[in-house]
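Chain and residue survey
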Amino acid sequence: MSHIKLSGLSLIAGLTASVAFAETEITYWSFWNEPEPQAQVLKALMDEYSAANPDVTFNVVWNGRQNQTTVRNALAGGTSIDLMDADMDGLNGGLVGQGAAVPLDGLVASDSPDGGTVGDAFYPALLANAELNGSVGQLPYAFYTYQIFYNAAQLRDAGVSEIPSTWAGYVDAMKAVKDSGVNAIAVESDIAFYNINWLNYLLARIAGPDFLLKAAEDKTGETWRDPAVSQALELEAALWADGLIPEESRGYQWPAGQQTLAFGETATELVGSWLPIELAEQVEEGFEWGAMNFPMVEGGKGNVNDTIIYAVSFAVPEGAEDAEAAQDFIRFALSKSAQQKMADDALIGVANASVEWADVISDSREAVANATSLLSENLGLKVAYADYSSNIYEAMHNKVFLGQITADEFINGMVEQTKGYWENR
Amino acid sequence: MTLLRRLPAYIAIWAWVAFTVAAILWVVMSAFKSKREVLRSGLKPPAELRWENFETAWNVGRLGEFFSNSVVIVCLSVFLILLVSTPAAYVLSRAKFRGREALTNLFVIGMGIPIPMLFIPIFGILAWLRLSDSLTGLTIVFVAISIPFTVYLLTGFFASLPSELEAASLLDGCSDFQTFRYVMLPMAMPGVATAAILNFIWLWNEYQLSLVILNSPENRTLPLGLYSLQNAMQYTSDWPGLFAGVTIVIIPTILVYAILSEKMIAGMTMGAVK
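Only a predicted model underlies this, so the values are computations on that prediction, with no experimental measurement involved.

The rules behind each value
- Residues numbered from 1 in each chain as written.
- Chains lettered and ligands numbered in written order.
- Predicted model: local features only at pLDDT ≥ 70, side-chain atom pairs only at ≥ 80, totals over all residues.
- Helix = DSSP H or I, 4+ residues; strand = E, 2+ residues; numbered from the N terminus.
- Rg over C-alpha atoms; globule rule 2.2 N^0.38 Å.
- Contact = placed C-beta atoms within 7 Å.
- Buried ≥ 20, exposed ≤ 12 C-beta atoms within 10 Å, placed from the backbone.
- pLDDT = per-residue confidence, 0-100.
- Axes fitted to C-alpha atoms, helices over the stretch in contact; angles between N-to-C directions.
- Parallel < 35°, antiparallel > 145°, perpendicular 65-115°, else oblique.
- Left-handed = near helix turned anticlockwise from the far one by under 90°.
- Domains from an automatic or database assignment.
- Nonpolar A, V, L, I, M, F, W, Y, C, P; charged D, E, K, R; others polar.

Here we come to the overall build of chain A. Within chain A, the regular secondary structure consists of 19 helices and 12 strands. The C-alpha radius of gyration computed for chain A amounts to 22 Å, which stays within 12% of the reference 22 Å derived for 425 residues, consistent with globular compactness. Overall, the C-alpha framework of chain A stretches about 65 × 55 × 35 Å when taken along its three principal axes. The long-range share in chain A, meaning contacts at least 24 apart out of those at least 6 apart in sequence, stands at 76%.

Right under this line is the structure:
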């Protein structure tokens, strides 16, 4: 027993004590709220790291999701922050994109405690997403996938024996679910960034993942008149017209939609892989979760294996007093044992490709492993033009998605607003 | 006939009371429910009392620590506010000196300044004093911001007290301070209690200033902690934990009101009927 303990300790020591630091306090401003399981795992990792490096302590500020904004204000006010985390797209469009983060290319190429380099452990597509202008300014450590999550038992009961990979197959499967007496698709009407994934995926499948960025960058706005946009809007409108998305969903405020999934009233929802965790204690025991890739639209230019993700990354702000120590902690947090702890205790997908994910999101891991490419939120629009992405694209789409404007009004509106955006920029 | 005329008012008041009580009951009962139960069982009582929700809010959400911060800051602030405002209000309402009205009006003007306009100057001054992100700094700000309203409120109370008693005590040889301390202050106690309750309630629930001034998690007050808890609970769908947190926050306000409400009502209606 003591031998095992000793081995464990030496393993921790081996993983963490790669560099000796004098008295150091790493100031870490966090993307998580303290009571969240991810924060609890990070706390445990910091304790573990400090145990192996007694001269290193942490001063943590749990800011929650607005962390990057808070960090930027604090940095502007002269506060020194050694380590922070935020969503990957937000960072690429913010601190990292503006050159206000320490380049981490050296860390990526450095030795990992598990052997090989730190970069070797990543899903290649994920690390590629972290790269901006040929340099890595952030390192993702956890992420979610956007997929169609479903109640496997209900699909089985409806006679859906094979998970569809085409749009026609998907619509047929949803019709079968509806005919079995269960609502097919849940949506939250007030969460624009959930609903936008219908259009993101449809455009990516029909016209390829680059189309959206091209449409936004066309200063005349005319790319929005491309037939791919009309087709995508028609396909999502048909889900409502066919009753696959129930009419009452138009009035749903989060979490009303996902509650219907938890209570067995609806079979599927297009959402991030946080859903099984959010509903973990609300679904009945033995609930069988599944997640399918967004189906391929017949004749489209996209790839059914392309998956949209939402990743959370570490970054070291420029001017950090203890940048080296912060990077050493990142190295430790990306090690297999640390990542396994994150996957097991916080039930989230992790960056280290050798780590198994929790059972409820095992389909998500498979999708990531098989992905040809991992797509950014809003297909890169959020990184490139964050204000356009949320104030124009998401806002306009939610109106057309909920039937408040027609497809033509959406297209004309996007043409005009894109033109206006570039004129005012 | 009178009853018939008053009926619409009664209906409106009782409907409002019923709505408020139902909302509070829903929150308190939800605090004892399971995650599955909470969103579908409406006003039904919980199947079993889940005290662990309170444990989650208290320990995981650190409401215990934030509760102590709030108790210390709010009690100290209310004490200091009354310590400064009561004699000030007495002097402004009873003493005769040049500039008294101008000084009183200055306090009234102070009440009219929107708090968000003060964020930057307050933050600047606290940073200069090295008191930003500190409970001491927040207490000073709470006291300073609350003084105009409290002085204004208490000036009205002192002005309504009969001047004969004041004259009698002076004739009996009391000094000005003794007249204030032993004659006028006891008579103004309903007013002081009203000022204490109103200040307690607004400072207990104060969010904006605390958010601007405090940064470190260990310095958070209860409203900031509750906001942090809400952020965390929405990502884990722990609504019962959140409702337990809300219950913890509202209980002291209800207790203070229950204990001091009679004095407060007496204070508010004081001088209304002659």
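Turning to the overall build of chain B, a few remarks are in order. For chain B, the helix and strand inventory stands at 13 helices and 0 strands. Shown N-terminal to C-terminal, the secondary structure of chain B runs as helices and strands in the order α-α-α-α-α-α-α-α-α-α-α-α-α. For chain B, the C-alpha atoms occupy an extent of roughly 70 × 65 × 30 Å along the three principal directions. Residues classed as buried in chain B amount to 34% of the 274 residues present. Counting contacts in chain B only where the partners sit at least 6 residues apart, residues at least 24 apart contribute 76% of the total.

Below, the discussion takes up the confidence of the model for chain A. Of all residues in chain A, 95% have pLDDT values of 70 or greater, and the mean over the chain is 93. A low-confidence stretch, residues 1-18 of chain A stays under pLDDT 50, and its non-local contacts, those more than four residues away or across chains, total 17 contacts.

A word on the packing of helix 8 (residues 163-171) of chain B against helix 9 (residues 176-187) of chain B. All names here are of chain B. Contact pair helix 8 / helix 9: the axes reach a minimum separation of 10 Å and the direction vectors enclose 135 degrees. Relative to helix 9, the element helix 8 is oriented oblique. Seen from above, helix 8 lies across helix 9 with right-handed handedness. For the pair helix 8 and helix 9, the contacting residues are L165, E166, S169 and L170 in the first and T179, V183 and M184 in the second.

Attention now moves to the domain arrangement of chain A. Residue and element names in this part refer to chain A. If you check the domain split of chain A, you get domain 1 (2-143 + 311-375) and domain 2 (145-308 + 381-424). For domain 1 versus domain 2, the distance between C-alpha centres works out to 31 Å. Here the side of domain 1 that touches domain 2 gets 5 residues from one element, more than from any other, and that element is helix 16 (residues 362-370). Tallied by class, the residues present in the side of domain 1 that touches domain 2 amount to 8 nonpolar, 7 polar and 2 charged.

In this fold, P164(A) is placed in the loop between helix 7 (152-157) and helix 8 (167-179). C-alpha of P164(A) to C-alpha of G302(A): the two residues are 138 residues apart in sequence and 16 Å apart in space.

Let us now look at the interface of chain A and chain B. The interface of chain A with chain B comprises 14 residues on the first partner and 17 residues on the second. Residues that form the side of chain A that touches chain B fall into these classes: 6 nonpolar, 4 polar and 4 charged.

Let's shift gears to the packing of helix 4 (residues 63-94) of chain B against helix 7 (residues 135-160) of chain B. Where helix 4 of chain B meets helix 7 of chain B, the axes come as close as 6 Å, and the angle between the chain directions of the two elements is 35 degrees. As helix 4 of chain B packs across helix 7 of chain B, the resulting crossing turns out to be right-handed.

Quick look at the environment of S146(B) now. All names here are of chain B. If you trace the backbone, S146 turns up in helix 7. It is 10 Å that separates the C-alpha atoms of S146 and L80, two residues lying 66 residues apart in sequence. Beyond its immediate sequence surroundings of up to four residues, S146 is in contact with I81 and N199.

When the pLDDT values of chain B are averaged, the result is 89; 97% of them are 70 or greater. The ipTM, which scores confidence in the relative placement of chains, is 0.72 for this predicted complex, and the corresponding pTM is 0.82.

Now for the environment of G221(A). By secondary structure assignment, the location of G221(A) is in the loop between helix 10 (211-217) and helix 11 (227-241). Contact partners of G221(A), with chain neighbours within four places excluded, come to M414(A), V415(A), E416(A), T418(A) and K419(A).

All names here are of chain A. Here the residue pair W254 and P255 is connected by a cis peptide bond, since its omega of 10 degrees sits within 30 degrees of zero. Checked against the element boundaries, P255 lands in the loop between helix 11 and helix 12 (256-262). Positive phi values are uncommon outside glycine, yet L347 reaches one of about 50 degrees. Its place among the elements puts L347 in the loop between helix 15 (336-346) and strand 11 (349-350).

So, about helix 3 (residues 52-60) of chain B. Taken residue by residue, helix 3 of chain B has N53(B), F54(B), T56(B), A57(B) and V60(B) as its buried positions. Within two residues after helix 3 of chain B, R62(B) carries a phi angle of roughly 55 degrees, on the positive side.

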